Structures are given as C-alpha cells and as structure tokens.
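Observations on chain architecture
One-letter residues, chain by chain:
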Amino acid sequence: MVATLQRWWPFALVALAALWLRTHELARRPMHADEANQAVKLGELLETGRYAYDPGDHHGPTLYYAALPIAWLRGQRTLAALDETTVRLVSALAGTLGVLLLAALAMPPALSRSNGLGRWPALAAAAFMAVAPPAVYYSRYFVQETLLVTFTLAALVCAQRWWRTGRGSWALGAGACAGLMQATKESAPLFALAALIALAAVRPPAPTSSRRARDALLAALAAVMVAALFYSSFGAHPAGLRDALAAYGHAWTRANGDSGHEKPGWYYLRLFAWQRTGGLVFEQLAFFALALAGAIVAVASGKKLLRWAAVYTAIVVAALSLTPYKTPWHAVHLVPGFALLAAGALAALPRWRIATVIGVAALALQTVQTSRVAFAYPADERNPYAYVHSSPDVLKFRPLAEAALSRAPDRPVRVIGEEYWPLPWYLRGLPRVGYWSAPPADCDGALVIVSAGEVGAVRARLHGAYRESFLGLRPGVVCVVFTPSP
Amino acid sequence: MNRSFRFLFALLACAALARAEDRVPLKLDLPKPLFVGTPRPIHLANLEPPTAGKRPDLLVPAGTVLLSRGKPVTSSDSLPVIGELAFVTDGEKSGVDDTYVELGPGAQWVQIDLGAPAKIAAIAVWHFHSQARVYHAVIVQVADDAAFKTNVRTLFNNDDDNSAKLGKGSDLAYIETYQGRVIDAKGAAARYVRLYSNGNTSDELNHYVEVEVFGQPVK
C-alpha cells in the first residue's frame, strides 16, 4: 500500500494541479459567443430531452450529452438554472482526465522501456500538459476541442494496450473512443489518420493479438455504433446520421473558403513561440525548445513512442498550418505531442539533476504564462487564446434587463442587430425578451439593445423619450442601449 | 445722424471689448488615425457623430498655452502593468504600443499637477484610439489641492449610472478616435486636474495615451 502510494502520489499531485487550474474561478470569464450558443443548445436538451445535430453551425453532440449529468448532479434542470461553472466543468474534467491519459500513454504498465518513456518522463509529460496555457485555457471553455483531445488520448491508450496484450476489450475500448472522437467534432479523422501514419512510420513490433482482423472489426463496429448513437440523438433523430456526413461539405467550405478566420501558416507555431501584443508578452519558448529538442532525440534514439509522437505531431502541425481556416483552440491538439517530446528531451539528458532543474524551470515559466492567459487576462483581446472574445461589459446587460422589466413588466426587451451573441445566454430565463436581426416595425420596449449598425433605423422607429448608453459586445463592437426616460 | 453716430460708437465699443477678450481657435497637435479597416457606422444623437474631417474648433483666450507637458502624474493605480504614468503628459499621442499607460480594472483616475494654479481653458484627453470603444464614467475634475478636497469642480461627467460614485453626469458618451476629446474648462482656476474612467466597452481596464491641459498661469 505504502509502495503504491509512493509510486503514484506524484501523478496524483499533477492531476490535482491540473484540476485546480481547470476549475478555479471557472465562472469568472465572460461567456464567449460560441460558448453561449452551445450552452443555450444544451439548455434545450436539458429541458426537452431533444437534440438534433446541426451540421451547418455546430459540431458534434458529445459536448451537450456530457454536460447533462453534470447539470443533473448540480440540480440544474432548465436553461435558466444552468450556469457557467456547470457547462465549463465538462471541458475542465475532460482536460484533467487528458493529463492522466497522457501519463498512461507515456508509461504503459509492464511495458519494456524501449516502448514507453519511463515513469519520471511520463510524469514530466503529464505535468507539461497540466500547465500548458492552451490546454488550461480551453479546458475552461465550453467548446468541443478539449473533449476531442481527451477522446483521442483515450483511443490511443486503449489501442496501445491492445497492441501489447491482444485483449479484445482494449480493441473495443479503442473503437468506442474513436466513435466518441467522431461524435465530438468533424475533424476527428485527421487525428486518427495522423496516428495511423505515425504508427506506420515508426514500424513497431507486431501486435500480440492472434485475432487481429476480428479485433479490428470489433473496434470499427464500436466506433460506428457509438458515433451513430450520438449523431442520431440515440435513435430519436435518424436524419442526424445523414447530416453527420453532410457536415464535411460545410467543413470543407469553412476550412478553405472566405470565413474571415484565415491566418498565416506559422500561426499555430507562433502561439508556442513568442509574441508581444499591447505591451503583454505571451510565450512558451522553453516548452517549445524542449519539444524541438525532443524531436531531435526522437530521430536519434530508438524510442518508438517518442518517434511516434514526433511524426504524429509533425503531421498535425502541417495539416492545421496548411488549412487556411485557423482558430487558436486548435492549438490544444499540439500540446500532448509537444509534452511527450519535451519529456523525451529531458529524459535524454545525461544527468537527472540537470533534467530536473530544466524541467522545473520550464514548468514554472509555463505556469506563469497560464496564470496570465487563464486568470489575469482571460477575456483580453491581447490574449492570443481569447479569440473574438466577449468583453466584460456583457455582464451588465442582465441587470439592465431585469431592472427594465421590473419597471415595465408588460413591455418587451428587444435585442436588435446582426450580432447579439452571447446575449441570449445572459438574458436566459427572463420573460418577454426577443431577438431581431433587422429592426422590426415596432421597436419600442422596456429596454432596446441595438447593435451599432442598426441604431439609426431603430431610433427612427422609437416613440417617446429614451436615454441612450453604450455597452460593448466584444472589442470594437459596441451596442447602444435605449432605456425609456422616466 | 445722431442715431447713426451712436450706432457706430456702439460698434466700436464692441470691437474694443472683443479685442480685450480675444479668442482664438485652440490648436491641437493631432496624432494620425490608427483605425484600420472600415469602422462600424454609428450615428447617435447623444454623441458627436464620427466626423469625416476636422471637428469644429474650440475657441480659447489668446495667449493660451499647453501647461501639462512633462508635468508629474499620479494615479489611483500607482504601479501600472503596462506603460508608465509619465506617458500621460509626454506628448506622444500616436496610440501605438508603448505609448499608453494601462490602469487596472474598475474606476481609476490619473491626476496631473500643473505645478502652480492656472486658468484652464481646455483639457484634451486621448484614452485609446486604435479601436472603436467607449470609456465608461469619464469624469474630469479640477481642484486646488492634490487630495481633491478644496474647491473641487467637475468639468465633464458622463457617468450616467453613477458607477464611479461621484454623482450622475449628463455629458455625452463618445467613441474614442484619434481626435481625442476636448473639454471646455471655461477658464476654471486650479492647479490639479483629475480624470476618471471605469473600464470601457472592450475590457475592464483604463487607458491614457495623452492628456493635455491648456490655459494660462495665474499671475
């Protein structure tokens, strides 16, 4: 018992640190428009039990279904009752689990040293992922990316175990996790393909299973079944299966079209290097340098896992960088690979004390950066991960609406504009709140919130005296709030 | 004839008075616009519509000079994370990185000590002009003492919900541009100038690229 504790307490500490970083003050950052949109969709599922996959504007269903038990456990049964902590806990818990899965991937039990990295490098890899700024930031964010990373790591761990033991249950687990990946986001095949190509590139010893075809079939069936269950809303919406395939048309258009999210090829690598914006420096140079050193070690050494990580990460970097559509949350897919490589570089150092000093220093620098992006400037536009983020002003809309409705309970709150997210989240549960993308004939109300582009048209249709004030939706996007004068 | 003479006399008297109170347009050295792309069109009745060209001049007494250049600046946030308080009066108004000071979240102020009492004609303030944003609760006060206890006068206040707890104001909110905001101080005599704000429509922070105080030293 004591020996077991001694063996695992460092991993438990890393997991606890990961959990704290992912859950501390989880509700503090204002909701991003994408988070709000998905939280409102979750609210519908929570209230009605209905979910229909939408291939045009949303990703896969697992995020919403994963949030259900958390909402139930926290006693929240309606959209109005939901809060930021509940919805973000999905990513926070998945992100913490991902850290442990990376450790498991780096240190398969009873595996020969040539196939794993060893206990301390596995711990280092987990620690690097636990404190990596993009991993922490998007583990506190109600979007699919962290869930996809975790399901990918789970699939890899299961596949690795199957490879070693030959047990069909591991094949089944790998398939189920692959199905969860697919049911999380349309980009899942990229990571599955990258993992398979990397596996072929490193030429590992043959798997021990004597029934490989059966196991492969079992895994494929599990993957299809799991994905089909989610996309069909567990049988309630069979059209979701067709839409799951149609999603690739939308994804292709988005990835290569004029989406407004096109960025240069070096965008993702720059997130891991150095950038100075508005006087603030965001960098991960030590971690990035260690990862690059790990790639060199991977080529030079015979460590299969390290070489696999190098090839897998290179493929993912290339694929993401060559796609014109880029958003910073995709950077989380690079973290596990970089973490394994950085740990591999430390393990290759001849003296463990030097490795410890370098490792601790790199972790400390990463933690400083994480505190900056996740806690000090979580919604600041200079934060490279706070992408077109809502400004803190969005927190002021609800008190205004509540006050307006108490003054004039029979009049509506109107939100008029081409852009209004995340306001439906903040005004959830309030009566008589309506949203118009263009000014309606009757614009009067207890409170009229208007995006800047529609202000002239709305003012022309208002009757009576209104006081006008300004609140921001996000940096550079200002709303005008019309409040009836007493 | 007599009436004509009286009219002429009155005209000359007015002209003489006008000479004594000579008023000239306030000359402001403006930084270049930093807006990139097309700013969103905002046409609002309660603030100046974004002007395509030069805005109307503010007339100030002849002999008005810039009093604040290089003068000491203090703040409710004495250790700003970004920039230095000295940036507020250093004359650099470009608005690019390293030319503005960033104060912490919530209501904050900067204060300029003119060194001696002055008749203040105008105060120009540039918070941050590389993006369309509105600063909340902009309040400008002058006083005779550094603690703002004696003879405090409010020259501008657009804090319509009293978030800064200095009383509601009825002045107009405005969108930041490279032209800054020029406040008519109407000759208020004071040594200290204090400017408040309470975050902005983009974030909770408070920024100052430059503040210029124009007037004449009290003799």
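Above this note sits the structure.
The notes below deal with the structure included here. Please read these numbers as outputs of a predicted model, since none were measured by experiment.

Of regular secondary structure, chain A possesses 19 helices and 7 strands. For chain A, the C-alpha radius of gyration of 24 Å lies close to 23 Å, the compact-globule estimate for 486 residues. Dimensions of chain A, computed from the C-alpha atoms along their principal axes, are close to 80 × 50 × 50 Å. Here chain A holds 486 residues, and 55% of them are scored as buried. The long-range share in chain A, meaning contacts at least 24 apart out of those at least 6 apart in sequence, stands at 75%. By element, 67% of the accessible surface of chain A is carried by carbon and sulfur atoms, the whole surface being about 19,900 Å². Seen as two clouds, the 44 positive and the 27 negative side-chain charges of chain A have centres 15 Å apart.

Bringing the interface of chain B and chain A into the picture now. Accessible area lost upon the coming together of the parts is a frequently used measure of interface size. Taken together, the 27 residues of chain B in the interface contact 32 residues of chain A. Carbon and sulfur atoms make up 50% of the area that chain B and chain A hide from each other, which totals about 2,200 Å². Put simply, chain B and chain A have 4 salt bridges between them. Among the ionic pairs, A:E381 bridges to B:R133, the shortest N-O distance being 3.1 Å. Here chain B and chain A share 10 residue pairs in polar contact (both at pLDDT 80 or more) between them. Here the residues of the side of chain B that touches chain A sort into 12 nonpolar, 7 polar and 8 charged.

All right, on to the sheet that holds strand β6 (residues 466-474) of chain A then. All names here are of chain A. Spatial strand order, β4-β3-β5-β7-β6: 5 strands in an open sheet with mixed pairing. In the strand order of this sheet, the two ends are held by β4 (433-436) and β6, each with one partner. Going across the sheet, the axis of each strand differs from the next one's by a mean of 20°, ignoring polarity. Strand direction decides the pairing type here: β6 and strand β7 (residues 477-484), joined by 8 bridges, are antiparallel. Counted as the bridge partner of R474 is V477 from β7.

This part covers the packing of aromatic side chains. Applying the stated rule across the entire model yields 27 aromatic pairs over all chains. With 6.1 Å between their ring centres and 40° between their planes, A:W20 and A:F375 make a pair best called tilted. On the criterion of sequence distance, the pair formed by A:W20 in helix α1 (residues 2-23) and A:F375 in helix α16 (residues 352-376) is long-range, its members being 355 residues apart. Of the residues examined, A:W20 reaches a relative accessible area of 48% and is grouped as partly exposed. Every member of this aromatic cluster is reached through a ring pair, and the members are A:Y137, A:Y138, A:Y141, A:W329, A:Y385 and A:Y387. For the cation-ring pair, A:R428 lies above A:W425, with the distance from its terminal atom to the ring centre recorded as 3.7 Å. A cation over a ring is seen here: B:R194 above B:W109, with NZ or CZ 3.8 Å from the ring centre.

Further remarks concern helix α7 (residues 145-165) of chain A. An α-helix turns once every 3.6 residues. As a result, residues three or four positions apart point the same way. Residue and element names in this part refer to chain A. For α7, spanning 21 residues, the distance from its first C-alpha to its last is 30 Å, which sits close to the expected 30 Å at 1.5 Å a residue. The element α7 is largely enclosed, with a buried count of 17 among its 21 residues. Of the residues one or two after α7, G166 is the one with positive phi, at around 75°.

All right, on to the packing of helix α13 (residues 285-300) of chain A against helix α14 (residues 304-322) of chain A then. All names here are of chain A. Where α13 meets α14, the axes come as close as 8 Å, and the angle between the chain directions of the two elements is 125°. Here α13 is positioned oblique relative to α14, judged by the angle of their axes. Judged by the twist between their axes, the crossing of α13 over α14 is left-handed. Two secondary-structure elements touch here, α13 through G294, V297 and A298 and α14 through L306, R307 and A310. Broken down by class, the residue content of the contact of α13 with α14 amounts to 4 nonpolar, 1 polar and 1 charged.

To continue, consider α16(A). Residue and element names in this part refer to chain A. With 25 residues, α16 ought to run about 36 Å at 1.5 Å a step, and its terminal C-alpha atoms sit 34 Å apart, in line with that. Within the sequence span of α16, burial applies to A355, G359, A362, Q366, Q369, T370, V373, A374 and F375. The inward-facing, buried residues of α16 abut α1, α5 (119-131), α6 (133-138), β2 (280-283), α13 and α15 (335-348).

About the thresholds
Residues numbered from 1 in each chain as written. Chains lettered and ligands numbered in written order. Predicted model: local features only at pLDDT ≥ 70, side-chain atom pairs only at ≥ 80, totals over all residues. Heavy atoms only, no water. Helix = DSSP H or I, 4+ residues; strand = E, 2+ residues; numbered from the N terminus. Rg over C-alpha atoms; globule rule 2.2 N^0.38 Å. Buried < 20%, exposed > 50% of the residue type's maximum accessible area, 1.4 Å probe, protein only. Contact = heavy atoms within 4.5 Å. Areas by Shrake-Rupley, 256 points an atom, 1.4 Å probe, with all protein chains shown as cover. Lys, Arg positive; Asp, Glu negative; His and termini not counted. Charge placed at Lys NZ, Arg CZ, Asp CG, Glu CD. Buried area = accessible area lost by both parts, 1.4 Å probe. Salt bridge = Lys/Arg side-chain N within 4 Å of Asp/Glu carboxyl O. Polar contact = N/O pair within 3.5 Å; in protein donor to acceptor, adjacent residues only side chain to side chain. Nonpolar A, V, L, I, M, F, W, Y, C, P; charged D, E, K, R; others polar. Pairing = 2+ DSSP bridges. Axes fitted to C-alpha atoms, helices over the stretch in contact; angles between N-to-C directions. Phe/Tyr/Trp six-rings, centres within 6.5 Å; stacked < 30°, edge-to-face > 60°. Lys NZ or Arg CZ within 6 Å of the ring centre and 35° of its normal. Expected span 1.5 Å × (residues − 1). Parallel < 35°, antiparallel > 145°, perpendicular 65-115°, else oblique. Left-handed = near helix turned anticlockwise from the far one by under 90°.

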